[in-house]
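Below, each chain spelled out in residue letters.
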Amino acid sequence: KANVLDTSRLWRRVAEEMKGAYPDVELEYMYIDNAVMQIIKNPAYFDVVATENMFGDILSDAASVLPGSLGLMPSASLGGKGISMYEPIGGSAPELAGLDVANPIAQILSLALMLRYSFSLEKEAVMIEKAVNEVLAEGKRTGDIAVGQDTVIGTKAMGDAIAEKIY
């Protein structure tokens, strides 16, 4: 909200200063309310979104309706000097610890992002992504994404099923 918040004006100033270093990236500004609408309406429009943490949380939570659960959405906060962070957009869900009900897919896909972007291990990242897709194609689901005749399994069983598909 560059029309309201000083921090948003700072983001815009820094983005303007840095855009010359990335000539292949198109710079476009959106207010958060419009960005939420656009990411739900046409998610393919976005390739990269750079924003501060609060607006990133708003966008990722809103975008979680697209696949149906926060448990499916990995994220990468890529640093310029090799320091990056990978995590599910829903965080670690400490309230679900030990209950065998959390969906581990976002965490597993976050690992695939780490292999791809921090270690340049594309083949290994693709193996993980294919394993996840194969398990989902078999109809195995954690409770947060199960519908109809899907087989509902817990956190450990989902992780094991995915691990078994990696070759």
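Owing to the predicted nature of the structure, the values given are computational and were not obtained by experimental measurement. The residue numbering used here restarts from 1 in each chain and proceeds along that chain's sequence as written. Reporting of local features is limited, given that this is a predicted model, to residues whose pLDDT is at least 70; pairs of side-chain atoms are given and counted only at 80 or more, and all residues count toward the totals for whole chains, interfaces and linings. Side-chain numbers come from the whole structure's heavy atoms, not from hydrogens or water.

A.B. asks: What is the right way to look at the packing of helix α2 (residues 32-41) against helix α3 (residues 53-63) in this model?
C.D. replies: How two helices pack is summed up by the angle between their axes together with the distance between the axes. All axes are obtained by fitting lines to C-alpha atoms, using only the stretch in contact for helices, and the reported angles, taken between N-to-C directions, cover 0 to 180 degrees. The helix count covers DSSP runs of H or I at least four residues long, the strand count covers runs of E at least two residues long, and both are numbered beginning at the N terminus. Interaxial distance between α2 and α3 falls to 9 Å at its minimum, and their mutual angle equals 30°. Classed by the angle they form, the pair α2 and α3 counts as roughly parallel. Where α2 crosses over α3, the handedness of that crossing is right-handed. On α3, the residues touching Ile32, Ala35, Val36, Ile39 and Ile40 of α2 are Phe55, Ile58, Leu59, Ala62 and Ala63. Considered class by class, the residues forming the contact of α2 with α3 number ten nonpolar, no polar and no charged. Should an angle fall under 35 degrees it is called roughly parallel, over 145 degrees roughly antiparallel, and 65 to 115 degrees roughly perpendicular, with every other angle called oblique. Should the near helix be turned counterclockwise from the far one by less than a right angle, the crossing is left-handed, whereas a clockwise turn marks it as right-handed. In this analysis, two residues are considered to be in contact whenever any of their non-hydrogen atoms come within 4.5 Å of each other. Note on residue classes: Ala, Val, Leu, Ile, Met, Phe, Trp, Tyr, Cys and Pro are nonpolar, Asp, Glu, Lys and Arg are charged, and everything else, Gly too, is polar.

A.B. asks: Would you mind going over the pairing of strand β2 (residues 85-88) with me for this structure?
C.D. replies: On a regular strand, each side chain points to the face opposite its neighbour's, so the side chains alternate between the two faces of the sheet. Note on exposure labels: buried denotes an accessible area under 20% of the residue type's maximum, exposed denotes more than 50%, and partly exposed covers the range between, all computed with a 1.4 Å probe on protein chains only. Alternating residues of β2 divide into Tyr86 and Pro88, all buried, and Met85 and Glu87, none buried. By this definition, two strands are paired if DSSP reports at least two bridges between them. Pairing between strand β1 (residues 74-77) and β2: four bridges, direction antiparallel. Its bridge partner being in β2, Ala76 is matched across the sheet by Tyr86.

A.B. asks: Would you mind going over the pattern of salt bridges with me for this structure?
C.D. replies: Pairs may arise between side chains of opposite charge once their charged atoms sit close together. Within this document, salt bridges are pairs made up of a side-chain nitrogen of Lys or Arg and a carboxyl oxygen of Asp or Glu, the two lying within 4 Å of each other. A full pass over the atoms with the stated rule returns seven salt bridges. The shortest N-O distance in the salt bridge between Lys165 and Glu138 comes to 2.4 Å. You can see Lys165 sitting in helix α6 (residues 155-165) and its partner Glu138 sitting in the loop between α5 (122-137) and β3 (140-141), a full 27 residues away along the chain. Assessed through its relative accessible area of 23%, Lys165 is described here as partly exposed. Residue Asp160 pairs with Lys156 through a salt bridge whose shortest N-O separation is 2.8 Å. In this pair, Asp160 and Lys156 are both assigned in helix α6, four residues apart and thus about one turn of the helix distant.

A.B. asks: Just checking my understanding: could you explain the nonpolar core for this structure?
C.D. replies: Nonpolar side chains tend toward joint burial in soluble globular proteins. Membership of the largest hydrophobic core comes to 17 residues, with the highest contact counts inside it found for Ile105, Val132, Met158 and Ile162. Listed by contribution, the elements that provide at least two residues to this core are α4 (105-117), α5 and α6. Examining the composition of this core, we find that six residues originate from one element, α5, more than from any other. When sequence neighbours within four positions are dropped, the list of residues in contact with Ile105 reads Gly71, Leu72, Val132, Leu136, Met158 and Ile162. The nonpolar core is taken to be a set of buried Ala, Val, Leu, Ile, Met, Phe, Trp, Tyr and Cys residues, with the residues joined through side-chain atoms within 4.5 Å. The next biggest cluster of nonpolar side chains, apart from the first, holds ten residues, and it includes Ile32, Val36, Phe55 and Ala63.

A.B. asks: Even after reading the chapter, I still don't get a nonpolar patch on the surface, so can you show me in this structure?
C.D. replies: A cluster of nonpolar side chains, Leu10, Val14, Met18, Tyr22 and Val25, forms an exposed patch at the surface whose accessible area comes to about 450 Å². Within the fold, Tyr22 resides in the loop between α1 (6-18) and α2. Grouping into patches uses exposed residues only, defined as over 30% relative accessible area, and leaves out salt-bridged ones; the cut-off is 9 Å for like charges and 5 Å for nonpolar side chains (Val, Leu, Ile, Met, Phe, Trp, Tyr). Accessibility throughout is a Shrake-Rupley quantity obtained with a 1.4 Å probe, and a residue counts as covered only by protein chains that appear here.

A.B. asks: Looking at this structure, I do not really get α5. What am I missing?
C.D. replies: Residue pairs spaced three or four apart in an α-helix point in one direction, given the helix's 3.6 residues per turn. Taking 1.5 Å per residue, 16 residues should reach 22 Å; α5 reaches 22 Å between its end C-alpha atoms and fits that length. Taken together, the buried positions of α5 are Ala125, Ile128, Ala131, Val132, Val135 and Leu136. Summarising the axial view, the buried residues of α5 lie within an arc of 130°, below the 170-degree limit, and thus occupy one face. Pointing more than 90 degrees away from the buried face of α5 are the exposed residues Lys123, Lys130, Asn133 and Ala137. Elements in contact with the buried residues of α5: α4, β3 and α6. Given the number of residues in a helix, its expected span is that number minus one, multiplied by 1.5 Å. The arc in question is the one spanned by the directions pointing from the helix axis to the C-beta atoms.

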